[in-house]
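The residues making up each chain are set out below.
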Amino acid sequence: KAGVTQTPRYLIKTRGQQVTLSCSPISGHRSVSWYQQTPGQGLQFLFEYFSETQRNKGNFPGRFSGRQFSNSRSEMNVSTLELGDSALYLCASSPAPKGNQETQYFGPGTRLLVL
Amino acid sequence: KQEVTQIPAALSVPEGENLVLNCSFTDSAIYNLQWFRQDPGKGLTSLLLIQSSQREQTSGRLNASLDKSSGRSTLYIAASQPGDSATYLCAVRDAGNMLTFGGGTRLMVKP
């Protein structure tokens, strides 16, 4: 089974631009979560989607948004980029959101640099 | 709000040594706790998952324990090898399926 894939792997943008990141979960997985990782703040939860619905949202401004498609693929969008948005963005998938026996499988991440 | 702390932040040991990484969390109402490994610039690899009803899990040279009531978990690595060098992260999952991560322990195993 293929793992979680994320595209693009690297991205350079300038302040004020917007960016869209994509995540394809493991086949059969219906829950997709997004995380931001920075040296200063560590790994922080952004949001989680299940069956095209956002089920949970972390403490991030409205510039960060996401969606999930019927095939479980997910995208996240960041508008009006700021220098502080430079980070590794990680996507994780799991079969379902509430299974306490299930682990989350992480993709390799998209490294975003905002200049 | 759940807070997860990992001690030490960094650790350097000679090859062959047994070592313990510590993780503590403030809210004991968790579904499970996971230990991950992250290599530089890469994503996370799940090492062990301990359900809230379990006390420990083992995989090869790794053993993780969970004491939910005291809000603590440890990851024991036996006979460490240079290939174990990485950052180790613990994360707790709450009722909202959100993972809260610790800051990680950066491990260096010297040959």
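These figures come from a predicted structure and were not determined experimentally. As a convention, each chain's residues are numbered from 1 in the sequence order in which they are written. Just so you know, chain letters begin at A and ligand numbers begin at 1, following the order they were written in. Residue-level local features of this predicted model are given only where pLDDT is at least 70; pairs of side-chain atoms are given and counted only at 80 or more, and the full residue set underlies all totals for whole chains, interfaces and linings. Working from all heavy atoms in the structure, the side-chain values ignore hydrogens and water.

### A look at the overall build of chain A
In terms of regular secondary structure, chain A is built from zero helices and 11 strands. The C-alpha radius of gyration computed for chain A amounts to 13 Å, which stays within 12% of the reference 13 Å derived for 115 residues, consistent with globular compactness. With the C-alpha coordinates aligned to their principal axes, the bounding extent of chain A is approximately 40 × 25 × 25 Å. Throughout, a contact is declared for two residues whenever any of their heavy atoms are within 4.5 Å. Contacts in chain A between residues at least 24 apart in sequence constitute 54% of all its contacts with a sequence separation of at least 6. For the accessible areas, the method is Shrake-Rupley and the probe is 1.4 Å, while residue cover comes only from the protein chains on display. A total accessible area of about 5,400 Å² is found for chain A, and carbon and sulfur atoms account for 48% of it. Counting from the N terminus, the helices are the DSSP runs of H or I reaching at least four residues and the strands are the DSSP runs of E reaching at least two. Computation of the radius of gyration draws on C-alpha atoms alone. For the globule rule, the value is 2.2 Å times the number of residues to the power 0.38.

### Topic: the sheet that holds strand β3 (residues 19-25) of chain B
All names here are of chain B. Strands are labelled as partners when DSSP assigns at least two bridges between them. A sheet is described by the order of its strands in space; here five strands give the open sequence β1-β3-β8-β7-β6, paired in antiparallel fashion. This sheet does not close on itself; its edge strands, each paired only once, are β1 (4-7) and β6 (56-59). The average undirected angle you get between the axes of adjacent strands in this sheet is 15 degrees. Both β1 and β3 contribute to a ladder of four bridges, which runs antiparallel. From the neighbouring strand, Thr5 faces β3, where its bridge partner is Ser24. To get an axis, a line is fitted to the C-alpha atoms, and for a helix only the part in contact is used. The angle between two axes follows their N-to-C directions and goes from 0 to 180 degrees.

### Some points on the packing of aromatic side chains
A ring pair, where both rings are aromatic, is described by two values, the distance of the centres and the angle of the planes. Any two rings among Phe, Tyr and Trp, with Trp reduced to its six-membered ring, count as a pair given centres within 6.5 Å; such a pair is stacked if its planes are under 30 degrees apart, edge-to-face if over 60, and tilted if neither. Scanning the model with the defined rule gives eight aromatic pairs over all chains in all. On the basis of an interplanar angle of 85 degrees and a centroid distance of 5.3 Å, the ring pair of Phe106 of chain A and Phe36 of chain B is categorised as edge-to-face. Of this pair, Phe106 of chain A sits in strand β10 (residues 105-106) while Phe36 of chain B sits in strand β4 (residues 32-38), each in a different chain. The classification of residues rests on relative accessible area computed with a 1.4 Å probe and restricted to protein chains. Under 20% of the type maximum is buried, over 50% is exposed, and intermediate values are partly exposed. Since its relative accessible area comes to 0%, Phe36 of chain B is described here as buried. Measuring from centroid to centroid gives 6.1 Å for Phe106 of chain A and Phe101 of chain B, while their planes differ by 75 degrees, and the two rings are edge-to-face. Residue Phe106 of chain A is located in strand β10, and its partner Phe101 of chain B is located in strand β10 (residues 99-101); the two belong to separate chains. Residue classification places Phe101 of chain B among the buried positions, given a relative accessible area of 8%. One aromatic cluster in this structure is built from Tyr35, Phe45 and Phe106 of chain A together with Phe36 and Phe101 of chain B.

### Concerning the pairing of strand β8 (residues 72-77) of chain B
Residues and elements named next belong to chain B. Judged by which residues are buried, β8 turns out to be one-sided: Ser73, Leu75 and Ile77 face inward and are buried, whereas Arg72, Thr74 and Tyr76, on the alternate face, are not. Summarising the sheet, β3 and β8 pair through six bridges and their orientation is antiparallel. Across the sheet, the residue bridging to Asn22 is Thr74, located in β8. Bridge count between strand β7 (residues 62-67) and β8: six bridges; the pairing is antiparallel. Of the residues in β8, the one forming a bridge with Leu66 is Ser73.

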